[in-house]
Amino acid sequence: MGYNARFKVWRGDNTDGDLEDFTVEVNEGEVVLDVIHRLQATQTPDLAVRWNCKAGKCGSCSAEINGRPRLLCMTRMSAFAEDEVVSVTPLRAFPVVKDLVTDVSFNYEKARQVPAFAPPPELALGEYRMDQLDVERSQEFRKCIECFLCQDTCHVVRDHEENKESFAGPRFFIRLAELDMHPLDVRDRTREAQETHGLGMCNITKCCTEVCPEHIKITDNAIIPMKERVVDTRYDPLVWLGNKIPRRSGAAASRSLHSGDVTTAEAQARGRLRQKPTDTTALTTLQQALHGQGRFADAAGASRSRVEHAGRVRTARQGALAAHAWELLCAVESGQLDLDGVEDEIATTLQQAQRLTSTGTVLAGTHALHHLVHGRLAEAAEHAREAIVWDRDRATRADDLVTLSEGLAGLGESEEAASALAESQSLWPDNPRLAGVRSNLDDMNVHGRPTPAASVDEG
Amino acid sequence: MTEIERHSYDVVVIGAGGAGLRAAIEARLLGKRTAIVCKSLFGKAHTVMAEGGAAAAMGNVNSKDNWQVHFRDTNRGGKFLNNWRMTELHAKEAPDRVWELETYGALFDRTPDGRISQRNFGGHEYPRLAHVGDRTGLEIIRTLQQQIVSLQQDDLRDHRDAEGMIKVFAETTITSLLKDGDRMSGAVGYTRENGTFVVFEAPAVILATGGIGKSYKVTSNSWEYTGDGHALAMKAGATLLNMEFVQFHPTGMVWPPSVKGILVTESVRGDGGVLKNSEGKRFMFDYVPAVFRKQYAETEEEADGWYDDPSGNRRPPELLPRDEVARAINSEVKAGRGSPSGGVFLDIASRLPAESIRKKLPSMYHQFTELADVDITAQPMEVGPTCHYVMGGVEVDPDTAAAVVPGLFAAGEVSGGMHGSNRLGGNSLSDLLVFGRRAGEGASAYVDALGSARPAVTDLDVEDAHRAAEAPLTTSGGENPYAIHADLQQTMNDLVGIIRTASELEEALGRLEELKARVKKVSVVGNKVFNPGWHLALDLPNMIIVSECIARSALMREESRGGHTRDDFPAMSAEWRKVNLVCRPAGDGVEVTRQPLLPMPPELLSLFDREELNKYMTDEELAILPPETEREKSPEMSQVNSEETKA
Ligand SMILES: Cc1cc2nc3c(=O)[nH]c(=O)nc-3n(C[C@H](O)[C@H](O)[C@H](O)COP(=O)(O)OP(=O)(O)OC[C@H]3O[C@@H](n4cnc5c(N)ncnc54)[C@H](O)[C@@H]3O)c2cc1C
Ligand code: SF4
Ligand code: SF4
Ligand code: FES
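What counts and what doesn't
- Residues numbered from 1 in each chain as written.
- Chains lettered and ligands numbered in written order.
- Predicted model: local features only at pLDDT ≥ 70, side-chain atom pairs only at ≥ 80, totals over all residues.
- Heavy atoms only, no water.
- Helix = DSSP H or I, 4+ residues; strand = E, 2+ residues; numbered from the N terminus.
- Buried < 20%, exposed > 50% of the residue type's maximum accessible area, 1.4 Å probe, protein only.
- Contact = heavy atoms within 4.5 Å.
- Areas by Shrake-Rupley, 256 points an atom, 1.4 Å probe, with all protein chains shown as cover.
- Lys, Arg positive; Asp, Glu negative; His and termini not counted.
- Charge placed at Lys NZ, Arg CZ, Asp CG, Glu CD.
- Near = heavy atom within 4 Å.
- Nonpolar A, V, L, I, M, F, W, Y, C, P; charged D, E, K, R; others polar.
- Axes fitted to C-alpha atoms, helices over the stretch in contact; angles between N-to-C directions.
- Parallel < 35°, antiparallel > 145°, perpendicular 65-115°, else oblique.
- Left-handed = near helix turned anticlockwise from the far one by under 90°.
- Polar contact = N/O pair within 3.5 Å; in protein donor to acceptor, adjacent residues only side chain to side chain.
- Buried area = accessible area lost by both parts, 1.4 Å probe.
- Salt bridge = Lys/Arg side-chain N within 4 Å of Asp/Glu carboxyl O.
- Pairing = 2+ DSSP bridges.
- Core = buried A, V, L, I, M, F, W, Y, C linked by side-chain atoms within 4.5 Å.
- Domains from an automatic or database assignment.
- pLDDT = per-residue confidence, 0-100.
- Disulfide = S-S within 2.5 Å.

## Description of the overall build of chain A
1) Next: When you go through chain A residue by residue, the secondary structure sums to 19 helices and 7 strands.
2) Next: Across the 459 residues that make up chain A, the buried fraction comes to 60%.
3) Next: Within chain A, contacts between residues at least 6 apart in sequence are counted, and of these 64% link residues at least 24 apart.
4) Next: For chain A, the accessible surface area stands at approximately 17,900 Å², while carbon and sulfur atoms represent 48% of it.

Structure below.
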């Protein structure tokens, strides 16, 4: 019945860490948390993991198993083949405290920003009357065990520290929906959701619903109904773009913006920077607007300032460093900068970013491009493949696929390279990187699909 | 000395379960600067696991219910060893405490006319448990958590500081209490995230640390349940009451082995589920004890009729108090009529349509499909007893929750007296709310009375506490704490379990002595940051001392009652009913003494039939009872009472 399983468990703290290999006994009916406990009892007594109930009720034991956000106590070992290596890593969206334990204080801060239920003052104790049908809608959301797996998986904040400030995340969208649908709550929660909690940044990918261990229909029953009720809200494009745009691929949001908006955003950002040259939000917008125009070298200039002014908050620094490394690499790739001139800067930036990153895989896509510009094609392809497994958001995946395609093309695998390129184009047709790399690929006889007209996405 | 963080508060609440949070809310509402300290993240305390509901005689489903009936059920369930005053306060105040949660935003399931719905539970005469499906504890924790956040939002608005009046110190473990002379002066602990030591200077300390289940191998309890509060209280000079009474919940999961002990809520039986042995027989009919015969059905027809017509039929025996059901299951398994994995069958599949099972018992449905590959709408569950709740705890004054040490208060599972020898399901959640609030109030009044004469913390005491906590890290080559823990759990499971005998209890005490010696030499690797080995090493002495309390008291009490069954003294004794057993520290162990139980005043005694009292009381007690009068059974009386409750 029992067998020995191979595990890779991430061990380390907020400065450094790595996956460690273990071979450990597994018995019938066990869950991953049992295995972690056995490791503690027999091999690594100080392996840090959070847990309380071991029954899927408290939401403490959240981590990533083979890269998927899961509860350790509700993931049975029978879900894996006996010869499969099982990896257990900390939640990727939050800073590591130690080993599998992350600092989830972000969520508690967000919780405090949602105004509480305001009781109708005229009702005395025991006088509340509510219909079961009416309370049921909110009850669904109150099943939430605050495991924060949805927060971890949501691409708006996963790997995008810069979005955390203005985006409360799916867990708090259901909290807002719950209050909105509470038969006796009178506040306008929908507008609050849109205006102060970043509901508009959600583009309904449904990843949150997929990981929820309580099977709460976060998107269908909370987010979409709230979005439908938001009407006629106009946005400052600067704020909008700043909020929307993901870390590496500054122009992802330009899928849904006219190209004029990228330049407007650039102009507005520059305007703000004249008043306050250290404004990191404006610097981020500027960098992303430039990236969107394919001006990677200029974007790298902006990201360099971002790093200078990022301050000491770990997550903000990590975001700035990662973005900077990425811009430098894109500039080198497209021939806008000379590798020899910036290689030292790339190497140190990447190293520092890596040190602040919770799991080894967050920067895999960036490492892939780094290998590529050095001509290490096999390594580039390998890292790109790894990145594709982890990166969920469309633009980031699209970028990883571009890198993969170039690596494979260089290795002579034209067919696979072409299909990677085609997939990348379909995910993100007007990725500014494509313009630069297409001629390289053409030289090597790798053709993706003919570029369709930029599709306008709802966002 | 390494760096130590210092905080000063009016009230420090140790524990963020239902009791701790309700206490903190009250203290804050009374203007006290309040700290909440807990071992886990905010919102994860053990209370989150409670399933079935909170008992409160609101009379929403059956208008005959009132506080007197609830009071009677509670004392009956505890076999008259309860602190009568606590049960009285509890029964009277529980409805308001539940209704109050609605004003904080809780959403309980509703009756057709829109009130809070109430469900049947073992030992409760009428449907009484306010509930939300089978996740009531989660609702209560989240509601209280959000109420604290709401108070913080008020403080932010009014004083520009969200955490100025009430602050949560999550993942911070208290390792010692501090005293100035004979009064409390604060507490010391460490924060897991960074290993920093923290001193809380405070004249009033409220213990709300929950229970002790992690000393047992098979338990429904979470990792937090290491008896810290019980041990801290005793070390500070407080007394523990009736520690021999440990509740084994009759229905825990038995398969697969790794989930053995996880709770299967009593609501399964409350909603119609029945227990069967391997022969398919509903065996509970054979186990109705004499004291309960009047209230329970004798045939399956009558039992089944009760769900729809409770006034025309008596209750099914599956709904006997937990101690009775747990013992019955134990006997069936011992007699060879158990299920394949050593439990019995709990069948709801053949009793309710699949759709209503999923609706009424969603967590159970989920738990069994995910963890055991069992579809409870199609197959019976396998269940067996699991260590669930400790009735024993810190001896407190019922009205203020004050322990015998000035400045120390206790509420919730860590306190003793309320539940007597056996707790009724649903009475804990309401206990948390009622006495949590009272502890917050008691502590605030105590602080007010002190005026400026505040006790002081001495550096020497802090240093001692600090050194003791670091000892396992500085010792090397000693014992592995996990191994000691496993041995402790095995000992308690084998020798101090449901059925006890003098010889086994003596053997257990011998083994506990060995464990005590071993734990002194425990050593752990790693540093102070989030180190589970170190944490366990600090928990172990608490678990061992609490286990000793249980074993010693169990050895002394030579009768069987509620959560204490002696194979060598199988009968309930009227003499022992008058006795509380009290634990105090002695040397590096525990001393147990007898203390008379406070007699129930006549007006409350008169709520019971003489016939019933005859089964529990000594002849001398019965002789001085006032003559029987017409009393409680008259319908007018019930009505008057329910009017009173509403007022
Ligand atoms: C599975 C299950 C189901 C249940 N269902 C029901 C039910 O339906 N109805 C009912 O009435 N009862 C039920 N109970 C019982 C009830 O849930 C508990 O008795 C009750 O929740 C205890 O609450 P509490 O406030 O006393 O403590 P808890 O909620 O246990 O909280 C204890 C707190 O103390 C903290 N703590 C402990 N030690 C320390 C320390 N050294 N330093 C700092 N903090 C510390 C912990 O971190 C935690 O925050 C159930 C119990 C279980 C196990
Ligand atoms: S639907 Fe997607 S974008 Fe929206 S909250 Fe969920 S995970 Fe985030
Ligand atoms: S909504 Fe679901 S996934 Fe998100 S925190 Fe709550 S339980 Fe977890
Ligand atoms: S330990 Fe509570 S959800 Fe896993």
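## Regarding the overall build of chain B
1) Next: Scanning chain B from terminus to terminus reveals 19 helices and 22 strands.
2) Next: Taken along its principal axes, the extent of the C-alpha atoms in chain B is 70 × 55 × 55 Å.
3) Next: Looking at chain B residue by residue over its 647 residues, the buried ones come to 67%.
4) Next: Long-range contacts, defined as pairs at least 24 residues apart, comprise 73% of the intrachain contacts of chain B with a sequence gap of at least 6.
5) Next: Summing over all exposed atoms, chain B offers an accessible surface of approximately 21,300 Å²; the carbon and sulfur share of this is 50%.
6) Next: A distance of 0 Å separates the average location of the 71 positive side-chain charges in chain B from that of its 93 negative side-chain charges.

## Description of the side chain of B:Arg282
1) Next: Looking at the secondary structure, you find B:Arg282 in the loop between strand E14 (274-276) and helix H7 (300-308).
2) Next: The buried category is assigned to B:Arg282, whose relative accessible area is 4%.

## Comments concerning the site of ligand 3
1) Next: What surrounds ligand 3 is the set A:Cys144, A:Ile145, A:Glu146, A:Cys147, A:Phe148, A:Cys150, A:Arg171, A:Ile174, A:Cys212, A:Pro213 and A:Ile218.
2) Next: Residue composition of the shell around ligand 3, grouped by class: 9 nonpolar, no polar and 2 charged.

## Section: the site of ligand 2
All names here are of chain A.
1) Next: The local shell around ligand 2 holds 13 residues, among which Cys154, Cys202, Thr205, Lys206 and Cys208 are the closest.
2) Next: At the level of elements, helix H7 (207-211) and helix H8 (218-229) are the ones that each hand at least two residues to the shell around ligand 2.
3) Next: Here the residues of the shell around ligand 2 sort into 8 nonpolar, 4 polar and 1 charged.

## Some points on the packing of helix H12 (residues 459-474) of chain B against helix H15 (residues 532-556) of chain B
All names here are of chain B.
1) Next: At their nearest, the axes of H12 and H15 sit 10 Å apart, and the two run at 125° to each other. Here H12 lies oblique to H15, going by the angle between them. H12 and H15 meet at a crossing whose hand is right-handed. Residue-level inspection shows Ala469, Glu470, Pro472 and Leu473 of H12 in contact with H15, the latter providing Trp534, Ala537 and Leu538.
2) Next: A breakdown of the residues in the contact of H12 with H15 according to their chemical character gives 6 nonpolar, no polar and 1 charged.

## What to know about the side chain of A:Arg92
Residues and elements named next belong to chain A.
1) Next: With respect to the element layout, Arg92 can be found in the loop between strand E5 (85-89) and strand E6 (96-98).
2) Next: Under the relative-accessibility criterion, Arg92 is labelled buried at 4%.
3) Next: At a separation of 2.4 Å, a polar atom in the side chain of Arg92 contacts the side chain of Asp159.

## Quick word on the interface of chain B and chain A
1) Next: In this complex, chain B contributes 68 residues to the contact, which on the side of chain A involves 61 residues.
2) Next: The largest share of the area that chain B buries against chain A comes from B:Lys44, B:Leu107 and B:Phe530, three residues that together contribute 13% of it.
3) Next: Linking chain B with chain A are 7 salt bridges.
4) Next: Linking chain B with chain A are 40 residue pairs in polar contact (both at pLDDT 80 or more).
5) Next: Among the secondary structure elements, those contributing two or more residues to the side of chain B that touches chain A are helix H3 (84-103), helix H4 (136-159), helix H10 (362-372) and H15 of chain B.
6) Next: Among the elements that line the side of chain B that touches chain A, the one with the most residues is H4(B), at 10 residues.
7) Next: A class-by-class count of the residues in the side of chain B that touches chain A yields 28 nonpolar, 20 polar and 20 charged.

## Considering the sheet that holds strand E6 (residues 129-130) of chain B
All names here are of chain B.
1) Next: The 3 strands lie next to each other as E4-E6-E5, forming an open sheet whose pairing is antiparallel. In this open sheet, the two edge strands, each paired with only one partner strand, are strand E4 (54-55) and strand E5 (118-119).
2) Next: Where E5 and E6 come together, 2 bridges link them in antiparallel fashion. Looking at the pairing, Arg119 lines up with Leu129 of E6.

## Digging into the sheet that holds strand E11 (residues 204-207) of chain B
Residues and elements named next belong to chain B.
1) Next: Taking strand neighbours across the sheet as the criterion, the 5 strands line up as E7-E3-E2-E11-E18 in an open arrangement whose pairing is parallel. Looking at the sheet topology across the chains shown, the edges are occupied by strand E7 (166-169) and strand E18 (408-410). This sheet shows a mean twist of 20° between the axes of neighbouring strands, independent of strand direction.
2) Next: Of the pairings in the sheet, the one linking strand E2 (residues 11-14) to E11 comprises 4 bridges and is parallel in character. Bridging across to E11, Val13 finds its partner in Ile206.
3) Next: Helix-sheet contacts for helix H11 (residues 427-450) involve E2, E11 and E18, and the interaxial angle to E11 is about 165°.

## Digging into unusual backbone geometry
Glycine aside, residues mostly have negative phi angles, and peptide bonds mostly take the trans form.
1) Next: With omega at -10°, the peptide bond leading from B:Trp255 into B:Pro256 counts as cis.
2) Next: Within the fold, B:Pro256 resides in the loop between strand E13 (246-253) and helix H6 (267-270).
3) Next: Unlike most non-glycine residues, A:Glu146 shows phi in positive territory, near 50°.
4) Next: Among the residues examined, A:Glu146 registers a relative accessible area of 4% and is labelled buried.
5) Next: A positive phi angle, near 60°, is found at B:Arg160, a position not held by glycine.
6) Next: For B:Arg160, the location among the structural elements is in the loop between H4 and E7.
7) Next: The class for B:Arg160 is exposed, based on a relative accessible area of 77%.

## A look at the packing of helix H5 (residues 170-181) of chain A against H8(A)
Residues and elements named next belong to chain A.
1) Next: Their axes nearest at 9 Å, the elements H5 and H8 cross at an angle of 65°. When the axis of H5 is compared with that of H8, the two are roughly perpendicular. With respect to the hand of their crossing, H5 and H8 are arranged in left-handed fashion. Where H5 approaches H8, its residues Pro170, Phe173, Ile174, Leu176, Ala177, Asp180 and Met181 are matched on the opposing element by Ile218, Asn221, Ala222, Ile223, Met226 and Arg229.
2) Next: When its residues are assigned to classes, the contact of H5 with H8 shows 10 nonpolar, 1 polar and 2 charged.

## Examining the nonpolar core
1) Next: Within the largest apolar cluster, 259 residues are counted, with the highest numbers of intra-cluster contacts made by A:Phe7, A:Met77, B:Leu177 and B:Leu408.
2) Next: Ranked by the residues each element gives to this core, the list is headed by H15(B), at 13 residues.
3) Next: Counting contributing residues, this core receives three or more from each of domain 1 (3-102) and domain 2 (105-234) of chain A.
4) Next: Not counting residues up to four positions away in its chain, the partners in contact with A:Met77 are A:Tyr3, A:Ala5, A:Phe7, A:Val26, A:Glu30, A:Val31, A:Val32, A:Val35 and A:Val86.
5) Next: Listed in part, the 19 residues of the second largest apolar core include A:Ala381, A:Ala384, A:Leu401 and A:Ala420.

## Overview of the environment of A:Val389
Residues and elements named next belong to chain A.
1) Next: With respect to the secondary-structure elements, Val389 resides in helix H16 (residues 377-390).
2) Next: Accessibility expressed as a relative area gives 48% for Val389, which makes it partly exposed.
3) Next: Through-space distance from the C-alpha of Val389 to that of Gly341 is 32 Å; in sequence the pair is 48 residues apart.

## Concerning the confidence of the model for chain A
1) Next: Taken residue by residue, chain A gives an average pLDDT of 84. The fraction at 70 or more is 86%.
2) Next: Long-range and interchain partners of residues 450-459 of chain A, a stretch whose pLDDT sits below 50, account for 14 contacts in this model, where long-range means more than four residues apart.

## Structural notes on the pattern of salt bridges
Residue and element names in this part refer to chain B.
1) Next: If you walk through the whole model with that rule in mind, you get 94 salt bridges over all chains.
2) Next: The salt bridge partner of Glu441 is Arg437, with a shortest N-O separation of 3.2 Å. Here the residue Glu441 and the residue Arg437 both occupy positions in helix H11, the gap between them amounting to 4 residues, near one helical turn.
3) Next: For Glu441, a relative accessible area of 30% puts it in the partly exposed group.
4) Next: A single network of salt bridges, built from pairs that share partners, joins Arg22, Glu26, Arg85, Glu88, Lys92, Glu93, Arg97, Glu100, Asp399, Arg437, Arg438 and Glu441.

## Notes on the state of the cysteines
1) Next: Evaluation of the coordinates by the stated rule reveals 0 disulfides over all chains.
2) Next: Not part of a disulfide, B:Cys38 finds its nearest cysteine sulfur in A:Cys58, a span of 12 Å.

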